[in-house]
Each structure stands twice: as structure tokens, then as C-alpha cells.
Amino acid sequence: MAVSKKSAPSWGGVKAKLADFDRAGLIGLVQDLYAASKDNQAFLHARFGLGDDVLKPYKATIDRWLSPDVFKNQDISVAKAKKAIADYQKAVGQTEGLAELMVFFCERAVGFSNEFGVQDEDYLYALVRMFAQALKAIDASPAEHQPTLLDRLDTVRHLGHNLGYGVGDDMDDLLAVHGFDDGSR
């Protein structure tokens, strides 16, 4: 007896099955996905611009993983914080929202590092990399949003000089390279 090989599930297979759905069936499927997880809810809220602050759940995730409650023994996870930004980008990807989340990432990381003396080189390197990405996102944002975001990053840069590993100096250099500042603000 020959064993039939089934291919691994993929988007192509899902897409073929979706072609059989009518409008009510598709709405029911989306409703089930919505009810299945908070991530799906955040995605749909962001995609459709629902609610007062579509960035709120993404910021909560960033805050949780970059600035954990040390009294509850919570872990740090740069990867999970960065995933929140990637998830927002998949949902909407508006440059202002991406810039806001990246600046928020930097604020939370530098704040936690200053408060609790984080000396993890990987954590601090991730902060500098996100600082660079935030500058690119700010540059791509509408001009009217740039000054506020740059002021917030300047505060991050000042605090970065307290961290060691050349974090503040790297941020000075990044500002100069991106043409926003010579690092003397």
C-alpha cells in the first residue's frame, strides 16, 4: 500500500480554502480569530484604526519586556519587545506609529537601564540599534511629528551617557550621521 504524502500547511492552502467561503463565512472566521487572542484583536484594531490609541497594546508589550517588574522576578526580552513593533508594522505600518513605538522602546530601555543599572551588553546594543532605527523612522515621518520625537530621543541620548559601553557616544554619532544633530543639544 502506497503512503500518500501530504504537503505542509501553507498560505497557498489556506487561500484555496478561503475561496470556498461566502461573506458570512469569512466574517465568522475573522470573528473566531478575533476571539482567539489579544494579539489578533490588537492587529485588527490597528489595521482598521479602531479605538482611541491603537498603539496602546504594542506599547504595553514593549513596556512589559523592556521594563519588567523586578519585584515579581519578571524576565527581560528584547526580542519580544521588538516583535511588538514588527506586529504593528504588519498590521498598519504607518511611519508615525512606527517612529512612536521605536522612540518608546528607547525610552523604556534607557529608563530601566538607568534605574536598575542594567549592564547587559546585548540589551544596551539593542537599545543603540533601535535608536538608529528610530532616527530612520523619524526621518520618514511627516515634518510636523519630527521635533517632538527628536526631543524625546535627545532625552534618551542624555540618559545613555550614564550607561557605559559608549552608549551615549554611539547615540551622539548616530544623530550626527542622520543629520539631526551634532550631539551638542
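All of the points below concern the structure found in this document. Given the structure is predicted, the values throughout are model-derived calculations rather than measurements. Residue indices begin from 1 for each chain and proceed along its sequence in written order. Thresholds applied to this predicted model are a pLDDT of at least 70 for local features of residues and 80 or more for the giving and counting of side-chain atom pairs; totals over whole chains, interfaces and linings are not thresholded and use all residues. Values shown for side chains rest on all heavy atoms present in the structure; no hydrogens or waters enter the calculation.

### Focus on the nonpolar core
Counting 46 residues, the largest nonpolar core has Phe 131 and Leu 153 as its most contacted members. We call two residues in contact whenever any of their non-hydrogen atoms come within 4.5 Å of each other. If we ignore the near neighbours within four places in the chain, the residues touching Leu 153 are Val 103, Cys 106, Phe 131, Ala 134, Leu 135 and Ile 138. Throughout this description, the term nonpolar core refers to a set of buried Ala, Val, Leu, Ile, Met, Phe, Trp, Tyr and Cys residues connected via side-chain atoms within 4.5 Å. For every residue, the accessible area (1.4 Å probe, protein chains only) is compared with the maximum for its type, and the residue is labelled buried under 20%, exposed over 50%, or partly exposed between those bounds.

### Considerations on helix α6 (residues 95-116)
For helices the rule is a DSSP run of H or I covering at least 4 residues; for strands it is a run of E covering at least 2, with both sets numbered from the N terminus onward. A helix's residues, less one, multiplied by 1.5 Å, set its expected span. For α6, built from 22 residues, the straight-helix expectation of 32 Å at 1.5 Å per residue is met to within 8% by its first-to-last C-alpha distance of 31 Å. Once α6 finishes, Gly 117 follows within two positions and takes phi at roughly 65°, a positive value.

### As for the packing of aromatic side chains
Note on ring pairs: Phe, Tyr and Trp rings are taken, using the six-membered ring of Trp, and paired if centres are within 6.5 Å. Classes follow the plane angle, with under 30 degrees stacked, over 60 edge-to-face and the rest tilted. Per the stated rule, a full pass over the model turns up two aromatic pairs. On the basis of an interplanar angle of 75° and a centroid distance of 5.5 Å, the ring pair of Tyr 58 and Tyr 88 is categorised as edge-to-face. You can see Tyr 58 sitting in helix α4 (residues 56-66) and its partner Tyr 88 sitting in helix α5 (residues 78-91), a full 30 residues away along the chain. Owing to a relative accessible area of 1%, Tyr 88 belongs among the buried residues under this scheme. Taken together, a centroid distance of 4.9 Å and an interplanar angle of 40° make the contact between Phe 112 and Phe 116 tilted. Residue Phe 112 and its partner Phe 116 are located together in helix α6, separated by four residues, close to a single helical turn. For a ring to carry a charge above it, either NZ of a lysine or CZ of an arginine must fall within 6 Å of the ring centroid while also lying within 35 degrees of the normal to the ring plane. When the ring centre of Phe 104 is taken as origin, the NZ or CZ atom of Lys 59, which lies over that ring, is 5.3 Å away.

### Things to note about the side chain of Glu 100
Of note, Glu 100 is situated in helix α6. Beyond its immediate stretch of four places on either side in the chain, Glu 100 contacts Leu 55, Lys 59, Leu 149 and Arg 152.

### With respect to the packing of helix α7 (residues 121-140) against helix α8 (residues 146-160)
The N-to-C vectors of α7 and α8 enclose an angle of 165°; their axes lie 10 Å apart at closest approach. On the basis of the axis angle, α7 is roughly antiparallel to α8. Of the two elements, α7 crosses α8, and the hand of that crossing is left-handed. When α7 is examined against α8, the residues Phe 131, Ala 134, Leu 135, Ile 138 and Asp 139 are found in contact with a partner set consisting of Gln 146, Leu 149, Leu 150, Leu 153, Val 156 and Arg 157. Between N-to-C directions, angles cover 0 to 180 degrees, with each direction set by a line fitted to C-alpha atoms, over the stretch in contact for helices. Should an angle fall under 35 degrees it is called roughly parallel, over 145 degrees roughly antiparallel, and 65 to 115 degrees roughly perpendicular, with every other angle called oblique. When the near helix sits turned anticlockwise from the far one by under a right angle, the crossing is termed left-handed; a clockwise turn instead gives a right-handed crossing.

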